[in-house]
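Here are the chains, one letter per residue:
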Amino acid sequence: MRFPLLLATALAATALHAWAGTPKQAADIREAYDRDFQLWVLKLQVAKTSEERNQIATKRPDGAAAVQQMWNAIQPNLAEAWTIEPATWLLRTAASQAARDPGLANVSKAVREAVEKHHLNSKSLAPLCMAMVAVNDANSLPLLEKIEKDCPDEKIQGVAALGSAMLLKNFGDEPAIMRRRLNLLRKAIIKSSEIEINGISVAKLAEDELYIIQFLGKGREAPDLEGTDGSGQPLKLSDFKGKVVVLLFWRSQEGSTEQVMEMARLMRERFAGKPFEVVGVNRDPLATLGQMRASGQLTWPNFSDPENKLGAQYRVAAWPLAYVLDGNRQVHYVGGVGSFVELTAAALLEDKK
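> Describe the overall build of the protein, and please don't skip the residues or the numbers.
Along the protein, the regular secondary structure elements total 16 helices and nine strands. Relative to the compact-globule value of 20 Å for 353 residues, the protein shows a C-alpha radius of gyration of 21 Å, a close match. Put simply, the protein has 353 residues, and 48% of those count as buried. Within the protein, counting contacts between residues at least 6 apart in sequence, those at least 24 apart form 67% of the total. By element, 53% of the accessible surface of the protein is carried by carbon and sulfur atoms, the whole surface being about 17200 Å². Averaging the coordinates of the 43 positive side-chain charges in the protein and doing the same for the 42 negative ones gives two points 2 Å apart.

> Give me the sheet that holds strand 8 (residues 321-325): which residues, what numbers.
Two orientations exist for strands paired in a sheet by backbone hydrogen bonds: parallel and antiparallel. Overall, mixed pairing links the five strands, which are arranged 7-6-5-8-9 in an open sheet. Of all the strands in the sheet, just strand 7 (302-304) and strand 9 (331-335) have a single pairing partner and so form its edges. Between one strand axis and the next, the sheet turns by 15° as a mean value, whatever way the strands run. With four bridges joining them, strand 8 and strand 9 adopt antiparallel strand pairing. Looking at strand 9, one finds that leucine 325 is bridged to valine 331. Of the strands in this sheet, strand 5 (244-250), strand 6 (276-282) and strand 7 touch helix 14 (residues 286-294), which is tilted by about 155° from strand 7.

> Describe the pairing of strand 8, naming the residues involved and giving the relevant values.
For strand 8, the buried fraction is high: five of the five residues fall into the buried class. Neither face of strand 8 is exposed, since Leu321, Tyr323 and Leu325 on one face and Ala322 and Val324 on the opposite face are all buried. With five bridges connecting them, strand 5 and strand 8 associate as antiparallel partners. In the strand pairing of strand 8, phenylalanine 249 is matched with leucine 321. Connecting strand 8 to the antiparallel partner strand 9 that follows it, the hairpin turn spans five residues, and arginine 329 within it adopts a positive phi of roughly 65°.

> Please give an account of the confidence of the model for the protein that cites residues and values.
In low-pLDDT regions, the fine details of the predicted coordinates are not to be read closely. Considering every residue of the protein, the mean pLDDT works out to 88; 92% of them sit at 70 or more. Taken element by element, the protein is modelled with least confidence in helix 2 (residues 13-18), mean pLDDT 42, and with most confidence in strand 6, mean pLDDT 97.

> Give me the packing of helix 11 (residues 175-192) against helix 12 (residues 202-216): which residues, what numbers.
With their axes 9 Å apart at the nearest point, helix 11 and helix 12 run at an angle of 160° to one another. Between helix 11 and helix 12, the angle falls in the class roughly antiparallel. Along this stretch, helix 11 crosses helix 12, giving a crossing that reads as left-handed. When helix 11 is examined against helix 12, the residues Met178, Arg181, Leu182, Leu185, Ala188, Ile189 and Ser192 are found in contact with a partner set consisting of Val202, Ala206, Glu209, Leu210 and Ile213. Class assignment of the residues belonging to the contact of helix 11 with helix 12 gives a composition of nine nonpolar, one polar and two charged.

> So what's going on with the environment of alanine 264? Which residues, and what values?
By the element assignment, alanine 264 lies in helix 13 (residues 257-270). Separated by 16 residues in the primary sequence, alanine 264 and glycine 280 have C-alpha atoms spaced 9.3 Å apart. Not counting the four nearest positions on each side in its chain, alanine 264 is found in contact with Val278 and Trp300.

> Run through the side chain of threonine 288, naming residues and quoting values.
Secondary-structure assignment places threonine 288 in helix 14. Exposure remark for threonine 288: the relative accessible area of 2% places this residue in the buried category. Dropping the residues within four chain positions of it, threonine 288 is found in contact with Leu44 and Arg53.

The rules behind each value
Residues numbered from 1 in each chain as written. Predicted model: local features only at pLDDT ≥ 70, side-chain atom pairs only at ≥ 80, totals over all residues. Heavy atoms only, no water. Helix = DSSP H or I, 4+ residues; strand = E, 2+ residues; numbered from the N terminus. Rg over C-alpha atoms; globule rule 2.2 N^0.38 Å. Buried < 20%, exposed > 50% of the residue type's maximum accessible area, 1.4 Å probe, protein only. Contact = heavy atoms within 4.5 Å. Areas by Shrake-Rupley, 256 points an atom, 1.4 Å probe, with all protein chains shown as cover. Lys, Arg positive; Asp, Glu negative; His and termini not counted. Charge placed at Lys NZ, Arg CZ, Asp CG, Glu CD. Pairing = 2+ DSSP bridges. Axes fitted to C-alpha atoms, helices over the stretch in contact; angles between N-to-C directions. pLDDT = per-residue confidence, 0-100. Parallel < 35°, antiparallel > 145°, perpendicular 65-115°, else oblique. Left-handed = near helix turned anticlockwise from the far one by under 90°. Nonpolar A, V, L, I, M, F, W, Y, C, P; charged D, E, K, R; others polar.

What follows is the structure, given as C-alpha cells:
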C-alpha cells in the first residue's frame, strides 16, 4: 500500500516527533531499496520474452514506500547534520518516480528550510544542490543562489552555481537569462571543476550545459541522429524531414514503459494523417527492444541505443525526456513527458496549415 508523502505532516506529526530516526536506520532504508532496484533491473535485462519482461516490470520496487520510510526517519531530525545525505537520496529517488507524488513539493520545501536555517556552512551540500535540480522545482533557485553567495566553501559555491544555471533553463531563453546562465557556468568551472556528483565531474556537467545552450536550446536546429532500429535496419532522424517529430529518449528500467507507450499511442491516433511522427531513442538492450517490437507493443520507429551514444549527442541525463521538433528539426520544446509535449506538437501542426 502506498502512502503519500504528505502523510508525514498531515496525519502523524506528533508520532513522528516521538520517534527519532537514526543514521543507521536511514542507511538501512537506502541500502535495501538500492539493492532491490538493482536486482529488478537485472531481472528485466535477462528476461527472455516480452510477457516475462512485462510481468517483471509490474514488480518494480516501491520507491514511494522507501521515500516515505526515509522521510519518517529524517523529518524529525532535519536540524541534525547527518540528515543531509539521506535527504539528498530522498529527493533524487522521489524525483525519479514515473508518477511523482504531489507531496514531493512539501518535502522539498521542508528540506530547503532546514538547510537555510541549520546547514548553510555544511561541507556536504554539493550533492544536495544537484538533488534539488533533479526535483526541478523553481522554488529551489533562491536557496541555490544563497548557497552560491554565502557558503564559506568555494567549491560548494561552484556546485550551487551549476545548479542555478540548470534550473534557469525553465525560465526561457531571453538574453538576460542566457547571460546569467553563462556566468554561473563559468563560475562552476572555475571553482568546482574537479568535484564529482554521482561519478560525473562538475566540469563535464557544465560543458554539457554549454553544449545544450549552443545546440539544443529552443529555436536551435537539433543534431541529426543516425543509427539502427530494433530490427537492425538503418534509421536517421533526418528521414522525417518535413514532419513534426516528438523525439522520446526512454528506457524501461526507469519504469516509464507504460507511460511512454500510452503517450505515443494517443498522439499518433490524434495526429493520424498529418505530417507527424513519434520517434524513440531506446536505451534498453537490443534484444529487449526487439521483443517489444515483435510483440506489437511498439508501432512507431525507435533507435536502438543501449550504449547511450545517441543520448549522449543530446546530453540526456534523465529518462524519459522529450523533444518536440518542427519539420526542419528546430527545437520547440524540451523536457519531461506530459501534456506540454502534445500541446506543442498540436500548435506546430496547426501552424503548418
